[in-house]
Amino acid sequence: MKNEKVKSNILTVALIIMLAGIIGLGITLYNKQKEYATASQNEYNMAFYELVDYVQNVESYLAKSLISSSSEHGAETLTNVWREANLAQSYLSRLPIESQELENTEKFLNQVSDYSYTLSRKNIYDENLTEEDLKNLKDLHNYSIELENTLNQLSEDLNSGRISWKELTKKDTLQFAQEVSSISKDSFSSLEENFHEYAGLIYDGAFSEHITTTDKKGLTGDNIDEETAKQRVKDLLGEDNIKEISNIGLSENANIPVYDFSVKTNQEDNVNVAISQKGGHVVLMNSNREVTTEVISQDEANKKGKEFLAQKGFPNMKETYYLKESGIVTINYAYEQNGVIVYSDLIKVKVALDNGEILGLESTGYLNSHSERDTSKIKISKEEAKKSLNKDLNIQSEGLAIIPTEWQTEILCYEFKGKIEDTDFIVYINAENGKEEDILIVTNTPNGTLTI
């Protein structure tokens, strides 16, 4: 009787173990399936938001091309339109939509790309754009605004859950394709004849072999080991505030080789920190702390960010633009040398608006380029520089700035901020020769001041 009871107990235990194993296997398979689905969703989200960004860039560069007053900068701006439109097409092709309805959108981006390329060649060879060219550019800009607005609405729908990638991947769902492409149908019939002769062109721009690596002037000091880097993390966050710190390893192939660390604070917040192998500089710090209230003002946040940077070895930084989101403001600080703003030396700081805590820092721009510059090469006066401006620009502020170029060089410029109708612009005029070097569009929103 006793043996039967023992056998019965063993059988029961075995069944329980078997059942637990089946449940565990089921949970594992479910989690794997969920991870796969999440990975797919993330990939689609990444492609979609890259598409949105590049379409926004197309719209911005087209806007700049309409007010550019020099052939040199006009050529550069139109070449940027060409590049951004091509990239937009690339990410459009990655979306999981199998529908002929997207052909019109792809055609739109292709025509923007081809036409801007053609006009940029005119500018490069010092041939003036005709009134028809400018009208076509304006039409393209208007259509790009419509496409941008449609994509922004779809972005809101995806974020709110009104539509999902799961629904959009169904073969009988054409909502996405129809919404995006509807604005471009028959929009370019008047331009079509302009494109056929340029269909086979392959771009090999004048600066296609520009420098892709830089001498990291701000990355000073000797190489350090992982333990020294770990101590830098403790100094940054405060050793008394750290509950646990994990070494993730050395990222040798990064733009700046760094030691990566994962930190849990006493408040159970997770913080990622990257310390440069050379010199032990803070390259990246980011906390996941949630902020639910906004107490401090933007001016207070600017001050706290500047004070933090000075304490961590980044003096003379001036706040420029910012973006506020979910109780956190991300502020761009640029180095200021004797009244000249050096936009190459950029550091981004995240400040919590509930208590002013610094939640993030990214110093790649500063570490790549920081050094003392020669600001004596001013050969034209501010008044002479103004002669290069669009006559319709209503100037609101002016000063000196050093701006970077995509060719890893820097230019000393007069910086003029102003308006044309309801649009804010910043125009940079070369302080040596009076040439128009760059144009930025300023976007003022309730959540920040941005430039594109």
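Residues numbered from 1 in each chain as written. Predicted model: local features only at pLDDT ≥ 70, side-chain atom pairs only at ≥ 80, totals over all residues. Heavy atoms only, no water.

Chemist: Can you explain the pairing of strand E2 (residues 258-265)? Please cite residues and give values.
Modeler: The buried fraction of E2 is high, at 6 of 8 residues. Both E2 and strand E3 (residues 270-276) contribute to a ladder of 7 bridges, which runs antiparallel. Each residue of the ladder has a partner; that of Asp260, found in E3, is Ala274. Hairpin connection between E2 and E3: a loop of 4 residues separates the two successive antiparallel strands, and Glu268 in this loop has a positive phi of roughly 70 degrees. (Buried < 20%, exposed > 50% of the residue type's maximum accessible area, 1.4 Å probe, protein only. Helix = DSSP H or I, 4+ residues; strand = E, 2+ residues; numbered from the N terminus. Pairing = 2+ DSSP bridges.)

Chemist: Can you lay out the nonpolar core for me, pointing to particular residues and giving the numbers?
Modeler: If you look at the biggest cluster of nonpolar residues, it comprises 57 residues, and the most contacted ones within it are Leu237 and Met285. For this core, the leading source of residues is strand E7 (residues 340-352), giving 5 residues. Aside from chain neighbours lying at most four places away, what touches Met285 is Leu236, Leu237, Val271, Asn272, Val273, Phe308, Ile358, Leu359, Gly360 and Leu361. Counting residues in each nonpolar core, the second largest holds 29 residues, with Ala85, Leu95, Val112 and Leu158 among its members. (Core = buried A, V, L, I, M, F, W, Y, C linked by side-chain atoms within 4.5 Å. Contact = heavy atoms within 4.5 Å.)

Chemist: Tell me about the packing of aromatic side chains, residues and numbers included.
Modeler: Where two aromatic rings form a pair, the distance of their centres and the angle of their planes describe that pair. Applying the stated criterion to the full structure yields 5 aromatic pairs. Each ring, one from Phe314 and one from Tyr366, has its centre 5.0 Å from the other, and the planes form 90 degrees; the classification is edge-to-face. On the criterion of sequence distance, the pair formed by Phe314 in the loop between helix H8 (298-311) and strand E5 (317-325) and Tyr366 in helix H9 (residues 364-369) is long-range, its members being 52 residues apart. Residue class for Phe314 comes out buried when judged on its relative accessible area of 5%. (Phe/Tyr/Trp six-rings, centres within 6.5 Å; stacked < 30°, edge-to-face > 60°.)

Chemist: Tell me about helix H7 (residues 226-237), residues and numbers included.
Modeler: Given a rise of 1.5 Å per residue, 12 residues ought to cover 16 Å, and the 17 Å separating the end C-alpha atoms of H7 matches this to within 8%. Along H7, the residues that are buried comprise Ala229, Lys230, Val233, Leu236 and Leu237. Along the long axis of H7, the arc covered by the buried residues comes to 115 degrees, so they all point the same way. The inward-facing, buried residues of H7 contact strand E1 (242-251), E2, E3, strand E4 (282-287) and H8. In the segment just after H7, Gly238 is the residue with positive phi, at about 90 degrees. (Expected span 1.5 Å × (residues − 1). Arc of directions from axis to C-beta.)

Chemist: Before we move on, could you go through the confidence of the model for the protein and cite the residues and values that matter?
Modeler: The predicted structure's coordinates, where accompanied by low pLDDT, should not be read in detail. Per-residue confidence for the protein gives a mean pLDDT of 79, with 77% of residues at or over 70. Long-range and interchain partners of residues 182-213, a stretch whose pLDDT sits below 50, account for 34 contacts in this model, where long-range means more than four residues apart. (pLDDT = per-residue confidence, 0-100.)

Chemist: Got a sec to walk through the side chain of His370? Specific residues and values, please.
Modeler: In this fold, His370 is placed in the loop between H9 and helix H10 (382-386). A polar contact of 2.7 Å, which involves the side chain of His370, links it to the side chain of Asp345. Leaving out residues up to four positions away in the same chain, His370 has contacts with Lys217, Gly218, Tyr335 and Asp345. (Polar contact = N/O pair within 3.5 Å; in protein donor to acceptor, adjacent residues only side chain to side chain.)

Chemist: Residue-level account of the environment of Asn288, with values.
Modeler: Looking at where Asn288 falls in the secondary structure, it is placed in the loop between E4 and H8. We classify Asn288 as partly exposed; its relative accessible area is 47%. With 19 residues separating them in the primary sequence, Asn288 and Asp269 have C-alpha atoms 6.4 Å apart. In this view, Asn288 contacts Asp269 and Asn270; residues no more than four positions away in its chain are not counted. Of note is the side chain of Asn288, whose polar atom sits 2.9 Å from the backbone nitrogen of Asn270.

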